[in-house]
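Overview (structure and organization)
This is what each chain is made of:
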Amino acid sequence: MARTLSRLLPLALALLAVTSAHAQTWHLVWSDEFNGPANSLPSESDWNFVRGWGAKGNHEIQFYCRPTDDDGPCNSKLHPNLFEDGTGNLVLTAIHDGQRWSSARLNTQNKHTILYGRVEARLRMEPGAGFWPAFWLLGDDHENNHWPNCGEQDIMEWVQKYGPSTTSAHIHGPGYSGAHGIGSDFTFPAINGAAGRIDDGAFHIYGMTWSPNRMEFYRDDPAK
């Protein structure tokens, strides 16, 4: 029987442009609130659903399933990996069927791009051995200008070595890619003497503000 082991639930994904880098006057250029009925799917006019084995170089073992796939480890009817829950959440689920892992991945390639502005999502996560939830941007020329030359902005990333209390935000490019990315970790603050955790049951906003000479990453409270 399939087991649901991890969920990454973006409540809202927004792209905002700034009319003045100094005044910080934002206006919304695109968002997805994932407010469709239960078991519906995000619009394919906004999203691409990825199919295939995990990304090369990261030693991933899961197979990415599109929402309608019913072959291999994918079963859209019995245990879908991606769906809207009817209460404003998009659910991405990692599933183990006893032999293989399946998961989900989606992107906005060739559908939504941004140069400068603010990007954020509300996410709720669970840690676990082997999980690698992430919310990130990749240069829209990456098919021809291959990574790391195309650039990458990791707004939120969690890997097991961080432990259950820490996420990271980094940028990557030529000369500062992989383990040499530029950025920092964020440790969830302690509450009532107990260490903070990424799986505290709450949604948190992970975002980035981007101007010609500056990138700032935040959790919950953006730079004003």
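Residues numbered from 1 in each chain as written. Predicted model: local features only at pLDDT ≥ 70, side-chain atom pairs only at ≥ 80, totals over all residues. Heavy atoms only, no water.

Turning next to the layout of surface pockets. Put simply, the second largest pocket is a space of about 180 Å³. In terms of lining residues, the second largest pocket is bounded by 13 residues, among which Ala 169, Phe 186, Phe 217, Tyr 218 and Arg 219 are the most central. Listed by contribution, the elements that provide at least two residues to the lining of the second largest pocket are strand S13 (152-157), strand S14 (166-172), strand S15 (182-187) and strand S17 (214-219). Residue classes in the lining of the second largest pocket are distributed as seven nonpolar, four polar and two charged. (1 Å grid on protein atoms, 1.4 Å probe; cavity = no way out; pocket = protein on both sides within 12 Å on 5 of 7 lines; lining within 4 Å. Points joined across faces, edges and corners; volume = space filled by probe spheres on them. Helix = DSSP H or I, 4+ residues; strand = E, 2+ residues; numbered from the N terminus. Nonpolar A, V, L, I, M, F, W, Y, C, P; charged D, E, K, R; others polar.)

Before going further, it helps to examine the nonpolar core. Membership of the largest hydrophobic core comes to 27 residues, with the highest contact counts inside it found for Leu 82, Leu 106, Val 119, Phe 135, Ile 155 and Tyr 206. Looking at this core, the elements with two or more residues in it are strand S8 (90-96), strand S11 (117-123), strand S12 (134-138), S13 and strand S16 (204-211). Dropping the residues within four chain positions of it, Leu 106 is found in contact with Trp 47, Asn 48, Phe 49, Leu 82, Leu 90 and Leu 92. (Core = buried A, V, L, I, M, F, W, Y, C linked by side-chain atoms within 4.5 Å. Buried < 20%, exposed > 50% of the residue type's maximum accessible area, 1.4 Å probe, protein only. Contact = heavy atoms within 4.5 Å.)

Mapped onto the fold, Gln 62 is located in the loop between strand S5 (52-53) and strand S6 (63-64). Gln 62 sits in the buried class, given a relative accessible area of 14%. A distance of 2.8 Å separates a polar atom in the side chain of Gln 62 from a polar atom in the side chain of Tyr 64. Not counting the four nearest positions on each side in its chain, Gln 62 is found in contact with Gly 52, Trp 53, Gly 54, Trp 101, Ser 102 and Ser 103. (Polar contact = N/O pair within 3.5 Å; in protein donor to acceptor, adjacent residues only side chain to side chain.)

On to empty space enclosed by the protein. Scanning all chains against the criterion turns up one cavity of 30 Å³ or more. Volume-wise, the largest cavity comes out at about 50 Å³. Around the largest cavity sit Cys 65, Arg 66, Pro 67, Asp 69, Cys 74, Asn 75, Ser 76, His 79, Pro 80, Asn 81 and Leu 82, which together line it.

On to the packing of aromatic side chains, then. In total, this model carries six aromatic pairs according to the counting rule given. Between Trp 53 and Phe 63 the ring centres are 5.0 Å apart and the planes differ by 85°, which places this aromatic pair in the edge-to-face class. With a gap of 10 residues between them, Trp 53 in strand S5 and Phe 63 in strand S6 connect regions that are remote in the sequence. The rings of Trp 30, Phe 34 and Trp 47 are connected pair by pair, giving a single aromatic cluster. Positioned above the aromatic ring of Phe 188, the side-chain terminus of Arg 219 is 4.2 Å from the ring centre. (Phe/Tyr/Trp six-rings, centres within 6.5 Å; stacked < 30°, edge-to-face > 60°. Lys NZ or Arg CZ within 6 Å of the ring centre and 35° of its normal.)

We now examine the environment of Pro 67. Tracing the sequence through the fold places Pro 67 in the loop between S6 and strand S7 (82-84). Judged by its relative accessible area of 14%, Pro 67 is buried. Taking the C-alpha atoms as reference points, Pro 67 and Asn 81, separated by 14 residues in sequence, lie 6.9 Å from one another. In this view, Pro 67 contacts Leu 41, Phe 49, Ser 76 and Leu 82; residues no more than four positions away in its chain are not counted.

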